[in-house]
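Geometric and topological summary
Each chain, written out:
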Amino acid sequence: MSKIRVVQYINQFFAQIGGEEKADIPAELREGPVGPGLAFNAAWGDEAEVVATIICGDSYFNENLEKAQAEVLEMVKSQNPDMFIAGPAFNAGRYGVACGTIAKAVQDNLNIPVLTGMYVENPGADMFKKDVYIVATKNSAAGMRDAVKKMAPFALKLARHEAIGASCEEGYMPNGVRVNLFEKERGSARAVKMLIAKLNGKPFTTEFPMPSFDRVAPNPAVKDMAHATVALCTSGGIVPLGNPDHIESSSASHYGEYDIEGVMDLDAAHWATAHGGYDPVYANEDADRVLPVDVLREMEKEGRIGKLHNKFYTTVGNGTAVASSKAFAAEYAQKLKADGVDCVIMTST
Amino acid sequence: MKKLELGNILIHDVQFSNEGSKVENGVLYVNKEEICKIALEDENIASCEVFLARPGESVRITPVKDVIEPRVKVEGKGGIFPGWIAKVDTVGEGRTHVLKGAAVVTTGKIVGFQEGIIDMSGPGADYTPFSKTMNVVVKMEPVEGLKQHEHEYALRIAGFKIACFLGELGRNVTPDEVKTYEFDNIVESAAKYPNLPRVAYVQMLQSQGLLHDTYVYGVDAKKTLTTIITPTEVMDGAIVSGNCVSSCDKNPTYVHMNNPVVTDLFEQHGKTLNFVGMIITNENVYLADKERSSNWSAKLAKYLGCDGVIISQEGFGNPDTDLIMNTKKIEAEGIKTVIITDEYAGRDGKSQSLADADPSADAVVTGGNANQVIVLPPMETVYGHLEFVDTIAGGSANNIDAHGNITVEIQAITGATNETGFNYLSAR
Amino acid sequence: MVKEIERAGLPVVHICTVTPISMTVGANRIVPAIAIPHPLGNPALTMEEEKHIRRKIVETALEALETEVDDQTIFDVKY
């Protein structure tokens, strides 16, 4: 098997051209490894090699972002590599940002695996860790040996499109994608250790950092409810009896759209729940307990609302990934809008 | 001081026997007729079959209702499973014999949506702790027309009775090892370990309603206020499972009896910490209950003078809120928390893992992402009913291919992402 | 999910039991329900009483949709 072809991106400093005073040199392509590439080649032996190195000044890249990116992309493309490595940048801020930017550009445009490395506090880390794999390195070039030791084997895995383990196993910065792994100690023992560290003011690492949630501003109120079309949606899994679309009891892969034209009441003879996360008895006895069709039909008759929309949308919230439910809702919200619905009542169990 | 000795009789094999059931030289001999007779005492159980499943065998058990460890009380007050099999005397003192390495696994026609899979070999075996036990599989079918909750009750009680019957076989056997768990009252322990941080365990019990319940001394946990229990009591079966929530993170009775947070805190007791007690709270479906129960967890943690607590969850979804409420309120009392949970981050791992969140929950142990997909190759033998893998949580329609491979999320595997930290799986 | 409907430009009210989750995930108009297995019902009551309660919850939800809000708001049902 032939060696994996790698192109590496480094800055003027690591190419030993100069420091800050040379930071404005434009991008340049050299054959073979330069600087850190030698260490990577040594680590890879017969497996892979740096076939070309792109050198670019940090100021040049950041000040001519569009132009520099396009130039570097062309250079990478010209080498037809299997893998692209940027840096490692350690704690050099502009270099880190350049590495993140160009790695992402190569990944997105050339569709080849990419890897970069930098210190966790490098501003490029927060900017790009969700987009590209970034190996956490020490904060200065003195950590090169350590960085190569982590990056070289990981780069091989990426280049070979092997399964990628969890961040703590592979050494990349957590990127928001949760990956399972087997630990050496069971969970309870890890919890006890973590608590002892926390009690003694010693450092500990949470296995799951708490997320922050985004917000959407509220839409204006409904002005004339007596002429408005109201739609019902639910995450309580109300479906026609027998669950004709086989919506899963948990971790659902699709949502249901059901016609309630002329339906005055969700009786037990025709409606039930597919939800596996709560006691289904009450919803199965009377699905209006989850989806209040009966009451809204009355209100429709009385003129409290203009109309109950003749379709409702249903999903199973239980164990269904937030991203899936978001996608379901985004899709049927468009259908509701197209059908002229004015407002929505969503019920959850 | 309370003291409980657990005498472990190490079981390294299980065999059928035409004579009476017995334990001899580390082998559990099981007489099928004796087991079935116990199961059929209940008129709601129409039929009973017994199978044996050993680690490494090409065997799949599904749908798994409960897993129970055979134990017997040989000294001290009360008996195993107080409130069900024994009277309600307070347990947790004296001596209890354990058939360590053996387990009763109950199966049969599915009760709820959410019973699991145990594979004794292959990739699925890595994910369930019960691929490592010598399993006495009891398959019971209900009489026609039996309601879900009566069906659940019948299987639950039969499982306990059978586990006690097998446990009884160890009464006069000399244990291979004896583990002693000593537990002082709070005054004694404060005097004994004045310089160690005071730590309690807050266990959240699944109590979402019919088919999602846990019982303490026979009492339905959803009808209880948050309370205190001494940790040795759970070793005698004071807390039992009556629930059918997603099998990956429900606590089978076996896990309650062997609660790993309890054993691992005992391990450190008197060394790095002072294990002052255990608080049990619930996960009810009413908001007021959630508020009240978590208020009480915080109040009791403060009352015990805790410096730190470990909080374990059971289940997912709305109980994530109970978990976050407990954490927030206990941290607000100046008590440090570590929580154990699991994640539903989607098959691609990119989604939000928990339904609720708070910055005070800064020390989290995770049992892994339950949505991870796994392909389970066919097994030579299936005990139970394979047809239900379509409908159990984690399964989906037509998930068995032409070669018999089953594609499921690991949430269908019993104990895969257990939130008491019973398993080794995690995620980053 | 509520957020996606809001994002699409439709005013939406979320009737749910666990209002803290609704707050955390970012619903803007929230009406507390009765219990998880029966958010708009209560099997302990007669069918008539139950429907009466359900109507009050739905009425509160409609009022929430008719009310301008700047921020996440919980509309308590007046039983």
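Small disclaimer: the values here were computed from a predicted structure and weren't measured.

**Considerations on the overall build of chain A**
Each helix and strand counted, chain A has 11 helices and 14 strands in total. The C-alpha radius of gyration of chain A comes to 28 Å, more than 25% above the 20 Å expected for a compact globule of 349 residues. A total of 349 residues make up chain A; the buried ones form 49% of that total.

**Some words on the sheet that holds strand β13 (residues 198-206) of chain B**
The sheet built from six strands is open, its strands ordered β16-β18-β13-β19-β20-β21 (chain B) with mixed pairing. Of all strands in the sheet, those bounded by a partner on one side alone are β16 (227-229) and β21 (364-369) of chain B. The average undirected angle you get between the axes of adjacent strands in this sheet is 20°. Bridge count for β13(B) against strand β19 (residues 308-312) of chain B is five bridges, and the pairing is parallel. Each bridged residue has a counterpart across the sheet, and for Val199(B) the counterpart in β19(B) is Gly308(B). Contacts from helix α8 (residues 187-199) of chain A reach β13, β19, β20 (336-343) and β21 of chain B within the one sheet, and its direction differs from that of β20(B) by about 150°. Those strands touched by helix α6 (residues 260-268) of chain B are β13, β18 (274-283) and β19 of chain B, and its axis lies near 175° from that of β13(B).

**Re the environment of Thr106(B)**
Its location among the elements puts Thr106(B) in strand β9 (residues 102-107). Sequence separation between Thr106(B) and Pro63(B) is 43 residues, and the spatial gap between their C-alpha atoms is 8.6 Å.

**Description of the sheet that holds strand β17 (residues 239-243) of chain B**
Strand pairs in the sheet, formed through backbone hydrogen bonds, run parallel or antiparallel to each other. All names here are of chain B. Strand order across the open sheet formed by three strands is β15-β14-β17, with antiparallel pairing between neighbours. Among the strands making up the open sheet, the edge pair consists of β15 (219-220) and β17. Pairing of strand β14 (residues 212-216) with β17 involves five bridges; the strand directions are antiparallel. Counted as the bridge partner of Asp213 is Gly242 from β17.

**Quick look at the interface of chain B and chain A**
Tallying the contact residues gives 67 residues for chain B and 48 residues for chain A. Breaking the side of chain B that touches chain A down by element, the ones donating at least two residues are α6, β19, β20, β21 and β25 (425-427) of chain B. Among the elements that make up the side of chain B that touches chain A, the one with the highest residue count is β21(B) (six residues). Taken together, the residues of the side of chain B that touches chain A break down into 29 nonpolar, 28 polar and 10 charged. Bridge count for strand β7 (residues 180-182) of chain A against β25(B) is three bridges, and the pairing is antiparallel. Bridge pairing in β25(B) places Asn180(A) opposite Ala427(B).

**Points about the pairing of strand β1 (residues 2-10) of chain B**
Looking along a regular strand, one sees side chains alternate from face to face of the sheet. Here β1(B) runs beside strand β12 (residues 177-183) of chain B; their pairing, made up of seven bridges, is antiparallel. Considered in β12(B), the bridge of Asn8(B) is made with Glu177(B).

**As for the environment of Asp58(A)**
Residue and element names in this part refer to chain A. Along the chain, the position of Asp58 falls in helix α2 (residues 58-63). Judged by C-beta crowding, with 24 C-beta atoms within 10 Å, Asp58 ranks as buried. Taking the C-alpha atoms as reference, Asp58 lies 5.2 Å from Ala23; in sequence the two are 35 residues apart. Not counting the four nearest positions on each side in its chain, Asp58 is found in contact with Asn11, Ala23, Arg94, Tyr95 and Ala98.

**Focus: the domain arrangement of chain A**
Looking at chain A, the domain boundaries give domain 1 (4-170) and domain 2 (225-347). One C-alpha centre belongs to domain 1 of chain A, the other to domain 2 of chain A; they are set 51 Å apart.

**Some thoughts on the packing of helix α1 (residues 36-44) of chain A against helix α6 (residues 144-159) of chain A**
All names here are of chain A. For the pair α1 and α6, the least separation of the axes is 9 Å and the interaxial angle reads 55°. The orientation of α1 with respect to α6, classified from their angle, is oblique. Of the two elements, α1 crosses α6, and the hand of that crossing is right-handed. Here Pro36, Ala39, Phe40, Ala43 and Trp44 of α1 lie close against α6, whose contacting residues are Met144, Val148, Ala152 and Leu156. For the contact of α1 with α6, the residue count by class is nine nonpolar, no polar and no charged.

**Description of α8(A)**
Taking 1.5 Å as the rise per residue, α8(A) with 13 residues should run 18 Å; its terminal C-alpha atoms sit 18 Å apart, in good agreement. Gly187(A), Ser188(A), Ala189(A), Arg190(A), Ala191(A), Val192(A), Met194(A), Leu195(A) and Lys198(A) are the residues of α8(A) that are buried. Check the buried side of α8(A) and you find it contacts β13, α6, β19, β20, β21 and β25 of chain B. Positive backbone phi, approximately 65°, marks Gly201(A), located one or two places after α8(A).

**Structural notes on the interface of chain C and chain A**
Contacts between chain C and chain A engage 39 residues on the former and 41 residues on the latter. Taken together, the elements giving at least two residues each to the side of chain C that touches chain A come down to α1 (2-7), β1 (12-16), α2 (19-25) and α3 (47-65) of chain C. Broken down by element, the side of chain C that touches chain A gets its largest block of residues, seven residues, from α3(C). Taken together, the residues that form the side of chain C that touches chain A break down as 21 nonpolar, eight polar and 10 charged. Bridge count between strand β14 (residues 343-347) of chain A and β1(C): four bridges; the pairing is parallel.

**A short note on helix α11 (residues 322-338) of chain A**
When the terminal C-alpha atoms of α11(A) are compared, their 24 Å separation across 17 residues agrees well with the 24 Å that a helix rising 1.5 Å per residue should span. Restricting attention to buried positions, one finds in α11(A) the residues Val322(A), Ser324(A), Ser325(A), Phe328(A), Ala329(A), Tyr332(A), Ala333(A) and Leu336(A). Across the axial projection of α11(A), the buried residues extend over an arc of 165°, all falling on one side. Residues of α11(A) that are buried in the fold lie against β8 (229-234), β10 (256-259), β13 (311-314) and β14 of chain A together with α1 of chain C. Backbone geometry just downstream of α11(A) places Gly340(A) in the positive-phi region, at approximately 80°.

**A few points about the packing of α8(A) against α6(B)**
Closest axis-to-axis distance for the α8(A)/α6(B) pair is 8 Å, and the angle between their directions is 45°. One way to sum up the angle between α8(A) and α6(B) is to call them oblique. Crossing handedness for the pair α8(A) and α6(B): right-handed. Side by side, α8(A) and α6(B) meet where Ser188(A), Ala189(A), Ala191(A) and Val192(A) of the first sit next to Pro260(B), Val261(B), Asp264(B), Leu265(B) and Gln268(B) of the second. Of the residues assigned to the contact of α8(A) with α6(B), the class counts are six nonpolar, two polar and one charged.

The rules behind each value
- Counting restarts for each chain, with residues numbered from 1 along the sequence as it is written.
- All chains are assigned letters beginning with A, and all ligands numbers beginning with 1, in the order in which they are written.
- The predicted origin of the model limits local features to residues at a pLDDT of at least 70 and limits the giving and counting of side-chain atom pairs to 80 or more, whereas totals for whole chains, interfaces and linings rest on all residues.
- In this description a helix means any DSSP run of H or I spanning at least four residues, a strand means any run of E spanning at least two, and both kinds are numbered starting from the N terminus.
- The globule rule is 2.2 Å times the number of residues to the power 0.38, and the radius of gyration it is compared with is taken over C-alpha atoms.
- Residues are called buried when their C-beta atom has 20 or more other C-beta atoms within 10 Å, exposed when it has 12 or fewer, and partly exposed otherwise; all C-beta atoms are positioned from the backbone.
- One bridge is not enough; two strands pair if DSSP finds at least two bridges between them.
- Axis definition: a line fitted to C-alpha atoms, limited for helices to the stretch in contact. Angles are taken between N-to-C directions and run from 0 to 180 degrees.
- Contact definition: two residues whose C-beta atoms, as placed from backbone geometry, lie within 7 Å.
- Amino acids outside the nonpolar list (Ala, Val, Leu, Ile, Met, Phe, Trp, Tyr, Cys, Pro) and the charged list (Asp, Glu, Lys, Arg) are all regarded as polar, and Gly is one of them.
- Residue ranges assigned to the domains are those given by an automatic or database domain assignment.
- Roughly parallel here means an angle under 35 degrees, roughly antiparallel means over 145, roughly perpendicular means 65 to 115, and every remaining angle is called oblique.
- The handedness criterion is simple: a crossing whose near helix is rotated anticlockwise from the far helix by less than a right angle is left-handed, and one whose near helix is rotated clockwise is right-handed.
- What a helix should span is 1.5 Å times the count of its residues minus one.
- What the arc covers is the set of directions going from the helix axis to the C-beta atoms.

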